[in-house]
Amino acid sequence: MVRAWSPERRAQLLQWTTGHARVPVQGFSHLMGRDGVLRKFTLTSLELSQAVYPRAHTCFNRIDVPLYRTKDELVAGFEFVLELGDQTFTMD
């Protein structure tokens, strides 16, 4: 899915997930959390009953991804949250 996106859309995904639109100069393995600690980029799966849309945790460089039934639902979920951008921010 991400490979098919434009560089701008990929940067938007990175910004939404990590709070930064660019990969660190040292590489992706050097992503830091908001606390300055190295934090790997991670994906966590969730049941649809726990989340209808993907959720980003910028402090931990993590995305919680609902277990969608189809790839089309997955793409639509990410497109929705990326279109909203910062409006999807919550404290949960």
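Below or above, wherever it landed, is the structure these notes cover. (Residues numbered from 1 in each chain as written. Predicted model: local features only at pLDDT ≥ 70, side-chain atom pairs only at ≥ 80, totals over all residues. Heavy atoms only, no water.)

Concerning the overall build of the chain
Move 1: Along its length, the chain carries 2 helices and 3 strands.
Move 2: Going from N to C terminus, the chain has its helices and strands arranged as α-β-β-β-α.
Move 3: In terms of overall dimensions, the chain is globule-like: its C-alpha atoms have a radius of gyration of 13 Å, near the 12 Å expected for 92 residues.
Move 4: With respect to the principal axes defined by its C-alpha atoms, the chain has extents near 35 × 30 × 20 Å.
Move 5: Within the chain, the proportion of its 92 residues that are buried is 27%.
Move 6: Across the chain, the fraction of contacts at a sequence separation of at least 24, relative to all contacts at a separation of at least 6, is 37%.
Move 7: As displayed, the chain offers around 6,400 Å² of accessible surface, 57% of which is attributable to carbon and sulfur atoms.
Move 8: Computed over 11 positive and 10 negative side-chain charges, the separation of the two mean positions in the chain equals 8 Å. (Helix = DSSP H or I, 4+ residues; strand = E, 2+ residues; numbered from the N terminus. Rg over C-alpha atoms; globule rule 2.2 N^0.38 Å. Buried < 20%, exposed > 50% of the residue type's maximum accessible area, 1.4 Å probe, protein only. Contact = heavy atoms within 4.5 Å. Areas by Shrake-Rupley, 256 points an atom, 1.4 Å probe, with all protein chains shown as cover. Lys, Arg positive; Asp, Glu negative; His and termini not counted. Charge placed at Lys NZ, Arg CZ, Asp CG, Glu CD.)

Concerning helix α1 (residues 7-18)
Every α-helical turn comprises 3.6 residues, leaving residues that sit three or four positions apart pointing alike.
Move 1: For α1, built from 12 residues, the straight-helix expectation of 16 Å at 1.5 Å per residue is met to within 8% by its first-to-last C-alpha distance of 16 Å.
Move 2: Those residues of α1 lying buried are R9, L13, L14, W16, T17 and T18.
Move 3: Buried residues along α1 sit against β2 (55-57), β3 (62-66) and α2 (71-84).
Move 4: Positive backbone phi, at 90 degrees, marks G19, one or two positions downstream of α1. (Expected span 1.5 Å × (residues − 1).)

Notes on the nonpolar core
Move 1: Counting 8 residues, the largest nonpolar core is built from W5, L13, W16, I63, V65, F78, V81 and L82.
Move 2: Only α1, β3 and α2 provide two or more residues apiece to this core. (Core = buried A, V, L, I, M, F, W, Y, C linked by side-chain atoms within 4.5 Å.)

In short, geometric facts, not functional conclusions.
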